[in-house]
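Single-letter residue listing:
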Amino acid sequence: MYRSHVLICGGTGCSSSGSAKILSEMESEIKKQGLENEVKVVKTGCFGLCALGPIMIVYPEGCFYSRVTVEDVPEIVSEHLLKGRVVTRLLYQETVTDDGIKSLNETNFYKKQHRVALRNCGVINPENIEEYIAVDGYAALGKVLTEMTPDEVIDVILKSGLRGRGGAGFPTGKKWQLARNLVPDADQKYVCCNADEGDPGAFMDRSVLEGDPHALIEAMAIAGYAIGATQGFVYVRAEYPIAVKRLRIAIEQAREYGLLGKNIFGSGFDFDMDIRLGAGAFVCGEETALMTSIEGHRGEPRPRPPFPAEKGLFGKPSVLNNVETYANVPQIILKGADWFSSMGTEKSKGTKVFALGGKIVNTGLVEVPMGTTLREIIEDIGGGIPNGKKFKAAQTGGPSGGCIPAQHLDTPIDYDNLLAIGSMMGSGGLIVMDEDNCMVDIAKFFLEFTVDESCGKCTPCRIGNKRLLELLTKITEGKGTLEDLDKMEELCYYIKENSLCGLGQTAPNPVLSTLRYFRDEYVAHIVDKRCPAGVCKKLVSFEILDTCKGCTKCARNCPVNAITGKVKEKHVIDQAKCIKCGACIDNCNFNAIIKK
Amino acid sequence: MGKSTISKIPFKGTAEQEQKLREFIAANKGMQGALMPVMQEAQEIYGYLPIEVQRIIAEEMNISLEEVYGVATFYAQFNLNPKGQYKIGVCLGTACYVKGSQDVFDKACSVLGIGNGDVTEDGKFSIEATRCIGCCGLAPVLTVNDDVYGRLTADDVPGIIEKYQKM
Ligand SMILES: Cc1cc2nc3c(=O)[nH]c(=O)nc-3n(C[C@H](O)[C@H](O)[C@H](O)COP(=O)(O)O)c2cc1C
Ligand code: SF4
Ligand code: SF4
Ligand code: SF4
Ligand code: FES
Ligand code: FES
């Protein structure tokens, strides 16, 4: 028995800010003090509060240390672990109260959260199967294989109301049912997992893979049993090396323990799985493209029907689910459909994980019951907008989604409500924007992404989106006309209706939603030739005010020598030369330069 | 998507590299959908996938060079040209973008004097715009090989690059 546990976050955010060094320093410092039999160090997955990383939690006290550095480690060991004196200066401010330390669950960040998919992230060591087993891991698989028929499994998932977390929200039980029944005499079926996580500003699936890989393995085996498949494939982005490594370790361990392989739990059921790496193509997140890619080809989408439940991977009936979808499955089996469906709204059950980013204090991962409002997520959990700036929009659904303005902040989040306000759930990216973000520029940002990622197979998407981007670019350069707005809208609907796959069908959404809610910003670019947020470079200009002291600093630092003026006289900017880099504003100590 | 440039840099593969690749293919070609894993391993071995390497793959896998080339050009991660000794990546994912990573990227390009996807003449640096690398909490982020720099402004960029210039 250890008297203390030190949990150190090994998630991507904290690893990037040096948590691996902190971990090794902690281990050697503990040895130095002769505490190795009393204190156990555990490397965990993401805690969610990545903004405060690197993060460390010491139990039994539950002290939450944030922004820890290697230099802090000796002090933590000699003061806290040796003498029992908490290092107050490193504590997360929110947890410090007048009468001592508040538990993490009572902080604003965690209070409104409810962790189902992320329940083990930041709690167990993902590289040790025994820690997963100790928290009821593989009990659901055991229950399914020894007590339930495949139809009963599907029934529970159907009744729970679980819908796909990868984007479209298709009922998971329904998908499994189709794959089980559509081709009764299939000689082979496959279970696939979509861990391609293509939304360019999101990392939920990555955190599950890194923090709780066994949950995915267990769920895929359950899905295999339900549909009658013996082989699984996880398609992971190659950009996620830590996730791939932990998943590999987890698969190996599961095989060693007989939880993958032949005759699992002596039930006669065989199931094994493999990992395939993506290679940087967003379209491969689309289900048919993903399967084509696993088959070893250019990842181009195929027309549907036939749907994968009938003809999927290698032409066999297949199920594809998202990582987070799977992460819910073992809990549903253990706790029952009613438990799951008691959370959420009428048509969207359970919880949803969001990657909260952008202009928000607590960037990180949050999991909330469906039906939580955007305002609760942004203001209560996220801690609001930093630097006293004003909220402008929340973006969900990534390149397929839309921007939600302040007037809809009290909308309870679920699949249907988000669609109704012109966005979508998507996989869970939630990016907050403030008054300094230009909505025309954001629409252009997403469209550049989709144009770049279009596979080019069908014309509406390949040509249409390019045209749309040209129109947008024209507007950001102050060369647009009001007729362009109508043209754009028309083009958007044409692309949506005529594209072959989801990429093209949803690509115009960021444009449509910003046109709907922020038309005034488009008009300002077109009529006033002005970018209200001061982002579109072609439309901003820098000017020196009469308060200029003539100190020459700006002129000396302008990269293109656009500023002239004599010492102690007012300086001027040659607009024709200026490249709008903004360096002069930062250089002026007298606030004499403004951006217009 | 759609890259089609063929490397002008002379191919300098060694016999050991070639043997390693051929052995990997022999051991794995029976696997379903083996082409992608084989190409990923080849890129691991050589650092990029010049036409010479694609030819070995086609030959060993008994498929046409067109097919290998088609796959190599479809996926952004297969490099037809060698990368720099220090690979700089600037995240242009949404979370980083709204926090000004475009300025960081532009600055890095102007300091190095190269554009997206290019390599400096001395082969020391290459630069690429990347997508979310999962550290949005540190946005905006820049990576140099495996090192991650977060919470940056454009002004931090010259200092970071200088550090590697001296290595
Ligand atoms: C262009 C495109 C990209 C997609 N990217 C992803 C992705 O990265 N991850 C994901 O889980 N689903 C993605 N999807 C949705 C998948 O096609 C599919 O619906 C989903 O993986 C099914 O799993 P679910 O029912 O559990 O959500 C994408 C769809 C499209 C059209
Ligand atoms: S909609 Fe776009 S990505 Fe999808 S098949 Fe057509 S061209 Fe390819
Ligand atoms: S914005 Fe940049 S280029 Fe323009 S005047 Fe200022 S420093 Fe010079
Ligand atoms: S830095 Fe400011 S005060 Fe000095 S010359 Fe430039 S504008 Fe004038
Ligand atoms: S990566 Fe450490 S808290 Fe998210
Ligand atoms: S968007 Fe840059 S790390 Fe996530």
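The rules we used
- Residues numbered from 1 in each chain as written.
- Chains lettered and ligands numbered in written order.
- Predicted model: local features only at pLDDT ≥ 70, side-chain atom pairs only at ≥ 80, totals over all residues.
- Heavy atoms only, no water.
- Helix = DSSP H or I, 4+ residues; strand = E, 2+ residues; numbered from the N terminus.
- Rg over C-alpha atoms; globule rule 2.2 N^0.38 Å.
- Buried < 20%, exposed > 50% of the residue type's maximum accessible area, 1.4 Å probe, protein only.
- Contact = heavy atoms within 4.5 Å.
- Areas by Shrake-Rupley, 256 points an atom, 1.4 Å probe, with all protein chains shown as cover.
- Lys, Arg positive; Asp, Glu negative; His and termini not counted.
- Charge placed at Lys NZ, Arg CZ, Asp CG, Glu CD.
- Axes fitted to C-alpha atoms, helices over the stretch in contact; angles between N-to-C directions.
- Parallel < 35°, antiparallel > 145°, perpendicular 65-115°, else oblique.
- Left-handed = near helix turned anticlockwise from the far one by under 90°.
- Nonpolar A, V, L, I, M, F, W, Y, C, P; charged D, E, K, R; others polar.
- Near = heavy atom within 4 Å.
- Polar contact = N/O pair within 3.5 Å; in protein donor to acceptor, adjacent residues only side chain to side chain.
- Domains from an automatic or database assignment.
- Core = buried A, V, L, I, M, F, W, Y, C linked by side-chain atoms within 4.5 Å.
- 1 Å grid on protein atoms, 1.4 Å probe; cavity = no way out; pocket = protein on both sides within 12 Å on 5 of 7 lines; lining within 4 Å.
- Points joined across faces, edges and corners; volume = space filled by probe spheres on them.
- Pairing = 2+ DSSP bridges.

Draft legend 1. Highlighting the overall build of chain A. Along chain A, the regular secondary structure elements total 24 helices and 20 strands. Relative to the 2.2 N^0.38 estimate, which gives 25 Å for 596 residues, the radius of gyration of chain A is 27 Å and therefore close to what a compact globule would have. Taken along its principal axes, the extent of the C-alpha atoms in chain A is 90 × 70 × 40 Å. Looking at chain A as a whole, 59% of its 596 residues are labelled buried. When contacts within chain A are restricted to residue pairs at least 6 apart in sequence, long-range pairs at least 24 apart make up 70% of them. Surface accessibility of chain A: about 23,000 Å² in total, with carbon and sulfur atoms responsible for 50%. Both charge centroids of chain A, one from 70 positive and one from 75 negative side chains, sit 6 Å from each other.

Draft legend 2. Molecular detail of the packing of helix α18 (residues 459-476) of chain A against helix α19 (residues 482-498) of chain A. All names here are of chain A. α19 packs onto α18 with a crossing angle of 160° between their chain directions and a minimal axis gap of 10 Å. Taken together, the axes of α18 and α19 lie roughly antiparallel to each other. Between α18 and α19 the crossing geometry is left-handed. Of the residues in α19, those in contact with Pro460, Gly464, Asn465, Arg467, Leu468, Leu471, Leu472, Lys474 and Ile475 of α18 are Asp484, Leu485, Lys487, Met488, Leu491, Cys492, Tyr494, Ile495 and Asn498. Of the residues assigned to the contact of α18 with α19, the class counts are eleven nonpolar, three polar and four charged.

Draft legend 3. Here's a closer look at the side chain of asparagine 79 of chain B. Residue and element names in this part refer to chain B. In this fold, asparagine 79 is placed in the loop between α4 (65-74) and β1 (86-91). Asparagine 79 sits in the buried class, given a relative accessible area of 13%. Discounting chain neighbours no more than four positions away, the residues touching asparagine 79 are Gln43, Gly47, Tyr48 and Leu49.

Draft legend 4. Inspection of the site of ligand 1 at higher detail. All names here are of chain A. Among the 19 residues in the neighbourhood of ligand 1, the closest are listed as Gly166, Lys175, Gly198, Asn322 and Thr325. Glycine 166 is positioned such that a nitrogen or oxygen atom in its backbone is 2.7 Å from an oxygen atom of ligand 1. Asparagine 194 places a side-chain nitrogen or oxygen 2.9 Å from an oxygen atom of ligand 1. Among the secondary structure elements, those contributing two or more residues to the shell around ligand 1 are β11 (318-322) and α20 (502-506). It is β11 that provides the largest number of residues to the shell around ligand 1, a total of three residues. Residues that form the shell around ligand 1 fall into these classes: three nonpolar, ten polar and six charged.

Draft legend 5. Local environment of the domain arrangement of chain A. If you check the domain split of chain A, you get domain 1 (4-104), domain 2 (129-339), domain 3 (351-434), domain 4 (455-526) and domain 5 (541-595). Here the C-alpha centroids of domain 1 of chain A and domain 4 of chain A sit 49 Å apart.

Draft legend 6. The site of ligand 4, seen in detail. Near ligand 4, the surroundings consist of Ile544, Cys548, Lys549, Gly550, Cys551, Thr552, Cys554, His571, Cys588, Phe590 and Ile593 of chain A. Here the residues of the shell around ligand 4 sort into seven nonpolar, three polar and one charged.

Draft legend 7. Layout of the nonpolar core. Residue and element names in this part refer to chain A. Membership of the largest hydrophobic core comes to 121 residues, with the highest contact counts inside it found for Trp176 and Tyr326. The leading source of residues in this core is helix α10 (residues 213-227), at eleven residues. Setting aside residues no more than four positions away along its own chain, tyrosine 326 makes contact with Trp176, Val191, Cys192, Cys193, Leu216, Ala219, Met220, Ala223, Val319 and Asn321.

Draft legend 8. Up close: the layout of surface pockets. A volume near 1,700 Å³ is recorded for the second largest pocket. Lining the second largest pocket are 50 residues, and of these Lys537, Cys581 and Lys595 of chain A together with Gly100 and Asp103 of chain B lie nearest its centre. Put simply, the parts of the chain that give the lining of the second largest pocket at least two residues each are α17 (439-453), α18 and α24 (583-587) of chain A together with α6 (101-112) of chain B. With six residues, α6 of chain B is the largest single contributor of residues to the lining of the second largest pocket. For the lining of the second largest pocket, the residue count by class is 20 nonpolar, twelve polar and 18 charged.

Draft legend 9. Representation of the sheet that holds β11 of chain A in the model. Residue and element names in this part refer to chain A. Strand order across the open sheet formed by five strands is β9-β10-β8-β7-β11, with mixed pairing between neighbours. Edge strands, defined here as strands with exactly one partner in the open sheet, are β9 (261-264) and β11. This sheet shows a mean twist of 25° between the axes of neighbouring strands, independent of strand direction.

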